[in-house]
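Coordinates in review
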Amino acid sequence: MYRAVTGELFTETVMGVAKGYPEINLEIVTTSVISQRIISKPQSLGVIVAESVCGEFFGSVLTGLVGSRGMIARSCYGKRYAVFDPGSRKIYHIIAGKGIVNPTSMIMCGVRLLEFFGLNDYAVWIKQAVFETINEDRIHTPDIGGKHSTCDYISNMLSRMAKNAHAHTIIHRPDVRPGIQPPSQPTAPFDPKLHMPQLAGVNLFTKKPTLGS
């Protein structure tokens, strides 16, 4: 009963908001149809609006398209806060302590946090090192068909960052946010107290120690 009522309310709300944006094509489809299209024809989809439970499910399906859940970072934006976390955390307890976790998703969470704070030059520097580690140096953890460890990946990425340091002039631009271009002629000076996002907290996930260790 609860799922049915909330699902109907969600759909009615989306349709009501959509009336204010006639230029956007809205298509109401079932969870099974969306899942099928994600796998068979992802280019037919634009923005998927879904309830939290369905969104989690679609996220798991999407991670399969790139070969591993360890490759995907997720972003959640609100009016005042933003949350960045790996596409899926629920499977990592299986390989905890083995040193073979793919760190890409967690690193990209950090990259998106840097972008959110306007530290785009740092974000680009790290993303370039990640790209080169995976695609040029072929450092692959087991989840994407390789035999390298997490330490191999991180060590290689840090080496790439050191090599590329000369090519990145780090400029802190707190007025630059994702998808927003800085004004060419600002009408007023930038005030960090009014515009700079503040770090509200960081989640740390650790392995519970075994008794006697």
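In what follows, the accompanying structure is described. As the structure is a prediction and not an experimental result, all values here were calculated from the model.

Looking now at the environment of aspartate 85. Of note, aspartate 85 is situated in strand β2 (residues 82-86). Of the residues examined, aspartate 85 reaches a relative accessible area of 13% and is grouped as buried. Separated by 25 residues in sequence, aspartate 85 and glycine 110 place their C-alpha atoms 8.8 Å apart. In this view, aspartate 85 contacts Ala73, Arg74 and Cys109; residues no more than four positions away in its chain are not counted.

Before going further, it helps to examine the pairing of β2. Relative to β2, strand β1 (residues 73-77) is paired through five bridges, and the arrangement is antiparallel. Looking at the pairing, tyrosine 77 lines up with alanine 82 of β2.

Further remarks concern the pattern of salt bridges. Any two side chains of opposite charge can pair, on the condition that their charged atoms come close. This structure, assessed with the given rule, holds six salt bridges. Among the ionic pairs, glutamate 27 bridges to arginine 37, the shortest N-O distance being 3.1 Å. Here arginine 37 lies in helix α2 (residues 31-40) and glutamate 27 lies in the loop between α1 (2-18) and α2, a separation of ten residues in the sequence. By relative accessible area, which is 46% here, glutamate 27 ends up partly exposed. The buried category is assigned to arginine 37, whose relative accessible area is 19%. Connected via shared salt-bridge partners are Glu132, Glu136, Asp137 and Arg160.

Reading the values: the criteria
Residues numbered from 1 in each chain as written. Predicted model: local features only at pLDDT ≥ 70, side-chain atom pairs only at ≥ 80, totals over all residues. Heavy atoms only, no water. Helix = DSSP H or I, 4+ residues; strand = E, 2+ residues; numbered from the N terminus. Buried < 20%, exposed > 50% of the residue type's maximum accessible area, 1.4 Å probe, protein only. Contact = heavy atoms within 4.5 Å. Pairing = 2+ DSSP bridges. Salt bridge = Lys/Arg side-chain N within 4 Å of Asp/Glu carboxyl O.

It is worth stressing that arrangement in space is one thing and function is another; only the former is reported here.
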